Amino acid sequence: MRSHDVDYRILGSDIQVLEVELDPQETVIAEAGAMVYMDEAIAFETKMGDGSSPDQSILGKLFSAGTRLITGESLFLTHFTHRGSYGKSRVAFSAPYPGTIIPIDLGTMPAGLIVQKDGFLAAARGTQISLHFNQKLGAGLFGGEGFILQKLTGDGKAFVHAGGTIIEKHLHNELLRVDTGCVVAFEPSIEFSVARAGGLKSMIFGGEGLLLATLRGTGRVWIQSMPVKKLIQALAPWGGNAKKESGTVLGGIFGNLLDE
């Protein structure tokens, strides 16, 4: 089916909100729990699958939904539809951590777009969300990222979320090395693999990890500056003070002294 032609705007800078504007009977699909607010005429329904194949059998829907579990996503997607008979209505979404929302016009990408497993935020109904296995087995076994990905195909708009700042790179038969967690999305014409991060000394003491993602070919690549994994690692040392009354440095010190 053809994708619904939705309008949108992106609000904010550091913690962005995607506001989608729907005409009567238009639908946008989104990850469960991503909704921030919606107008009165918007009705929502949680379904298995993306709705891109309305005539799909129950078994087919179960299989499509089950593939999402492999990527670590929810089994269900939420469908938001303008049920009014006139005018426009709006529904807004945000991701669960600070970052940037990337609008993608899938109509300009006949081969689709490969997205990291937790990068999808929302899309116009008609967009197909499927599982993509990286042919380079080492990317999953040793790189820690990029073996199980999502593929978005269709002719409408889709929205991808990433942490921190987004950098879009255009490769022209080039090779680019990136931290494995910083790859957000890339076109299928790009070959994704992993490579050793320098010599043994650099791998152990360099702080960049044992391996780096290698992107090779011609096409577009989107890179994030702060993957959620790094954000969690940065905040982890402060986790012990989460229940303290004071969030200051001195409060943490005195709190630790009183606990002893």
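My aim in this report is to walk through the structure given alongside it, one point at a time. (Residues numbered from 1 in each chain as written. Predicted model: local features only at pLDDT ≥ 70, side-chain atom pairs only at ≥ 80, totals over all residues. Heavy atoms only, no water.)

**Describing the pairing of strand β13 (residues 157–163)**
Okay, step 1: Among the seven residues that make up β13, six are buried, leaving the element largely enclosed by the rest of the structure.
Okay, step 2: Of the pairings in the sheet, the one linking strand β8 (residues 99–105) to β13 comprises seven bridges and is antiparallel in character. Across the sheet, Gly99 pairs through a bridge with Gly163, a residue of β13.
Okay, step 3: As paired elements, strand β10 (residues 120–124) and β13 share three bridges and run antiparallel to each other. In the strand pairing of β13, Phe120 is matched with Val160. (Buried < 20%, exposed > 50% of the residue type's maximum accessible area, 1.4 Å probe, protein only. Helix = DSSP H or I, 4+ residues; strand = E, 2+ residues; numbered from the N terminus. Pairing = 2+ DSSP bridges.)

**As for the sheet that holds strand β5 (residues 42–48)**
Okay, step 1: Strand order in the open sheet formed by six strands is β5-β6-β3-β10-β13-β8, with antiparallel pairing between adjacent strands. Both edges of this open sheet fall to β5 and β8, since each of them pairs with a single strand only. Each adjacent strand pair in this sheet contributes to an overall mean axis angle of 20°, direction not counted. (Axes fitted to C-alpha atoms, helices over the stretch in contact; angles between N-to-C directions.)

**Looking at the sheet that holds strand β7 (residues 89–93)**
Okay, step 1: Strands sit in the order β1-β2-β7-β4 across an open sheet of four strands; the sheet is antiparallel. Because the sheet does not close on itself, it has two edges, and the strands there are β1 (7–11) and β4 (35–38). Averaged over all neighbouring strand pairs, the angle between strand axes comes to 20°, with direction disregarded.
Okay, step 2: By the bridge criterion, five bridges tie β1 to strand β2 (residues 17–22) in an arrangement that is antiparallel. Looking across to β2, one finds that Tyr8 is bridged to Val20.

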